[in-house]
Amino acid sequence: MLRFHEHIISDLLEDPNGGLVILSSGLSLHRMISSLLHLHTPSQGTLLILSASPSQRSAITRSLLSQNPDPNPNPNLSTAPIEISFDLPAHQRLSLYSSGAILFITSRILAVDLLTSKLPPSRLAGLIILNAHSLSDTSTEALAVRILRSHNPSAYVRAFSDRPHAMAAGFAKAERTMKCLFVRKLHLWPRFHVFVSEDLEQSPPSVVDVRVPLSPLMKGIQKAVIEAMDACLKELRKTNKVDVEDLTVENGLFKSFDEIVRRQLDPIWHTIGRKTKQLVADLRTLRKLLDYLVRYDAVTYLKYLDALRVSEGVRSVWIFAESSHKIFEYAKKRVYRLVTSEGGKLHVDGKSGASKKRRVKEDSKTEKEVTGGASLSNGNGDVEANTNSGVVLEEVLEEAPKWKVLREILGEIEEERQKQAQSSEGELTVEDAGDDSGIVLIACKDERSCMQLEDCIMKGPEKVMREEWGKYLLGKAQLHGLQTRNKKKSRDPKGFGILNGVVSPAAGENAEASSVSKLEHDVLMAAASEIRNLANEEILTEDDSKPDAGRGGRGRGRGKGRSRKASVEVKISGSKVIGKMAKNGKSERSGLENSELENKGWKGSTDSTDIADFQENLQASASMDKGVLRKHSQEADTSELTHAKPLPPVQFYALESDRHILDVMKPLAIVVYHPDMTFVREIEIYKAENPSRKVKVYFLFYEHSTEVQKFEASIRRENGAFESLIRQKSLMTIPVDQDGRCSGLTISSESQSLISQNSITRKAGGRKAPEKEMQVIVDMREFMSSLPNVLHLKGMRIIPVTLEVGDYVLSPLICVERKSISDLFSSFTSGRLYHQVETMVRYYRIPVLLIEFSQDRSFSFQSASDIGDDVMPTNIISKLSLLVLHFPRLRLVWSRSLHATAEIFASLKANQDEPDEGKAMRVGVPTNEGIVEDDVRAENYNTSAVEFLRRLPGVTDSNYRALMDGCQSLAELALLPVERLAELMGSQKAAGTLRDFLDAKCPTMV
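Calculation criteria
Residues numbered from 1 in each chain as written. Predicted model: local features only at pLDDT ≥ 70, side-chain atom pairs only at ≥ 80, totals over all residues. Heavy atoms only, no water. Salt bridge = Lys/Arg side-chain N within 4 Å of Asp/Glu carboxyl O. Helix = DSSP H or I, 4+ residues; strand = E, 2+ residues; numbered from the N terminus. Buried < 20%, exposed > 50% of the residue type's maximum accessible area, 1.4 Å probe, protein only. Expected span 1.5 Å × (residues − 1). Contact = heavy atoms within 4.5 Å. pLDDT = per-residue confidence, 0-100. Pairing = 2+ DSSP bridges. Right-handed = clockwise from strand over helix to strand, strands pointing away. Arc of directions from axis to C-beta.

1. So, the pattern of salt bridges
Okay, so step 1: One pass over the structure, following the stated rule, counts 37 salt bridges.
Okay, so step 2: For the salt bridge of Arg57 with Glu83, the shortest nitrogen-to-oxygen distance reads 2.6 Å. You can see Arg57 sitting in helix α3 (residues 54-67) and its partner Glu83 sitting in strand β3 (residues 82-83), a full 26 residues away along the chain.
Okay, so step 3: Residue Glu83 is classed as partly exposed on the basis of its relative accessible area of 45%.
Okay, so step 4: When the shortest N-O distance is used, the salt bridge between Arg417 and Glu414 registers 2.9 Å. In this pair, Arg417 and Glu414 both sit in helix α16 (residues 401-423), three residues apart, roughly one turn of the helix.
Okay, so step 5: Looking at Arg417, the relative accessible area reads 27%, which means it is partly exposed.
Okay, so step 6: Glu414 gets classed as buried once you look at its relative accessible area, which sits at 2%.
Okay, so step 7: Sharing partners across several salt bridges, the network here consists of Glu817, Lys819, Asp823 and Arg832.

2. Topic: helix α31 (residues 832-843)
Okay, so step 1: Over its 12 residues, α31 extends 17 Å from the first C-alpha to the last, a length consistent with the 16 Å expected when each residue adds 1.5 Å.
Okay, so step 2: The inward-facing, buried residues of α31 contact β21 (814-820), α30 (821-830), β22 (846-852) and α32 (876-886).

3. Some details on the confidence of the model for the protein
Okay, so step 1: In the predicted model, the protein carries a mean pLDDT of 74, and 68% of its residues have values of at least 70.
Okay, so step 2: Long-range and interchain partners of residues 739-757, a stretch whose pLDDT sits below 50, account for 18 contacts in this model, where long-range means more than four residues apart.

4. Here's the deal with the pairing of strand β17 (residues 696-703)
Okay, so step 1: For β17, a buried count of six out of eight residues is recorded, marking the element as mostly surrounded by other parts of the structure.
Okay, so step 2: By the bridge criterion, eight bridges tie strand β8 (residues 206-213) to β17 in an arrangement that is parallel. From the neighbouring strand, Val208 faces β17, where its bridge partner is Tyr698.
Okay, so step 3: When strand β16 (residues 669-672) meets β17, the two strands line up parallel, connected through four bridges. The residue of β17 that forms the bridge with Val671 is Tyr698.
Okay, so step 4: Each parallel crossover has a hand, and the one from β16 via helix α26 (residues 677-689) to β17 is right-handed.

5. Here we look at helix α38 (residues 978-985)
Okay, so step 1: The set of residues buried in α38 consists of Leu981, Ala982, Leu984 and Met985. Along the axis of α38, the buried positions cluster into a sector of 165 degrees, meaning they face one direction only. In this structure, α38 carries Glu979 and Glu983 as exposed residues pointing more than 90 degrees from its buried face.
Okay, so step 2: In the core, the buried residues of α38 are packed alongside α36 (960-966), α37 (970-975) and α39 (988-999).

This is the structure in structure tokens:
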């Protein structure tokens, strides 16, 4: 543990009340938390950890066990922290609460157990709350802390956050967080703090800053995207609805920019036009284009642009900007270009495009064998379409500039490693040898980048680009409906922000025909068709050479076993197209030693013609811990690229996995492929904790790129956030007597004292009758919202139970179903709301549908321009109208915010009896005999028969109850004379209509 960690812990221990700690990201928060847990003893009570993410839980547990690997020397420290979930029975949770152990728990479970007294507050030593930047005064964590402090003022609350920019956002966010946690001290620990700087700069790592120049086409794309972003920002400024100071290109590079804009536009979101809404979405798209330009290869980037062209189409504003066409044009030039067969530039004219149409020849075996030159390849790496005009598709396949530099760096590291090993041979002890792993860690943004860099190192950049190019062409073939036998989806790794480019054929054809020249489209389809036909032919050849017994009698279907696979390599270079067959045995792989190094192309099963199996094997081989991919050996690398320099063992790490692996891997060198401020701090912490270990760090930046600008802006933004927090700390006002008393109860008690002082003494001597406490029965699932917290803040007693009908029970007669705006739309779509209202109407006399708006949004469904005159089945207003017409006793309550809902509940409960917990739990729950007990409605009618009755001609909402009282069944109703019907229905005309309907003859089949 570093010294500044000790200072933070000592500052926290000085105040028994606790405090809020905000420190820079990457300063090993999990290690500091584990040190705090190490000081805890069971005699102090149970310690609860709130709001921890899964990665934080694993990091804290691993760090805690590493500090105390053997539990016997320290009997005070129990085993690893236990996670509390709803799966644990109540008696087991109670025993854990009384054990004095360290527990991970969610705020929802803690609040419910505190309200139901399953967790005695006196048994708790304190709370440790992580991710304090996500808290608010209406969050469930604030409810739990309020209950704890009101019953156990001596318990401490220690909150932590490593997102200073989130704590500085909004109005006095840090001060409001401290008030809802009932803490009085704020501890700020930025990177420029004196103690932090001294610890981290005492033995800094050796750093090599490598600036890689962008290719000319990448510079053109970057410039065009920035111009399009600037144009969108100018259009957004014209609306006069957003703060102009925040609308800068530098702010637009971060995800928080969307939150800034939406926070300003949310209150008036329904009043702004579609163009403004689309501009906000376009800025998000353009930020992705800048990020993906430096993250992914040229073919993947082009594939993403093709998907954007189809998915966004004419809706987007940025596509119509002057610079947008350059983005698509330069992206294509990085992958391919059209030239004449003599090598000259091709001038495509839209007017003469009809004369340059490709005539697709009939596929024949002689053409597929490609012997002369009338083929897919012309011997120079060019794809030639069989056209009269001699148009050639020249492959460019521009490699990422960082790929070559990365291989050079790895070769340099290996040379230094071998020299060091030779010079220190025989001098290392056994302990030192085991401590030096010799691994080179490469940190990338996501897992997809890790997998591609792995292939680049193992196979070489050229082959990786050819594989991506083949996937792109095969995707084109599938998109335009070429014959395929394999209909399964692509198994590329998901969740990396890259679309796979697979869209509907109709939309794709329209987009291609409208945006890409016909000649270019035909040449691409010729190449895609040729690759598909060659793959089909090779698979058929392989199938003919295989014995039928190996298929298990399933014809061309997939057999039970997958030990045999066909591998096809299609090269669009050289003098001919090479098809290569390979046989795979067991999947015995260390890296890419067997299958992927021997089979140089797209894999498929015996009935497959695409690349799905290749992607599946690549995905399966990268399944190590989500963030750390498999280790490569030098033999696997040199077996593929014998001419290249030997490379050291390499591990890849995905920064998005948020796993702390430096202490586990102990790398010799670290290559930061995608610079990240948090990971840089982690490297500094690792080196400061291990000053004797030599670590060399290589930073790869694209020179004069948004990548550098984003990295530097992130540091400036964090420093600015801390400067703002320092100013807030000097001005904030925290009550000294903040001891956790409920503000709602305090206000009510003060008002009662004033009333008693001013009351007339003749009324029972001024004595006021004690008011009964308001009770609200709340469904367990509602604790995911903030309304129970606000109700408790208003002084109401919250009783959490599992309800089958409704969300809130205010009295024996009133049941409330709460819906937020988004939940209301989804409930109408799924039909869930109809069933919920139907059960409320059946069991409660006053069913209420509460529609709750957000406090920071406009109090309206939609703008006036979106409301039509006619009833539309898709309109939300029409759906609500039909719902109220169908259930006349249903009451709609509109609430503008959470606090308004609490006031509405208080007014609804006036002059009403308090609800019974046992009855509310039994409502809607049938017994073993199938009878519903304690139905608060006196009429247990046959609901199906009632619905049928109400739909009969002449029966209305005003007379159907009289008919139900006058007859016992529908059969008795059918026998009543018209005079009796008129007496019950109160109208001779309605009785005649019903009688005529009942006496009408049914049509018969002749």
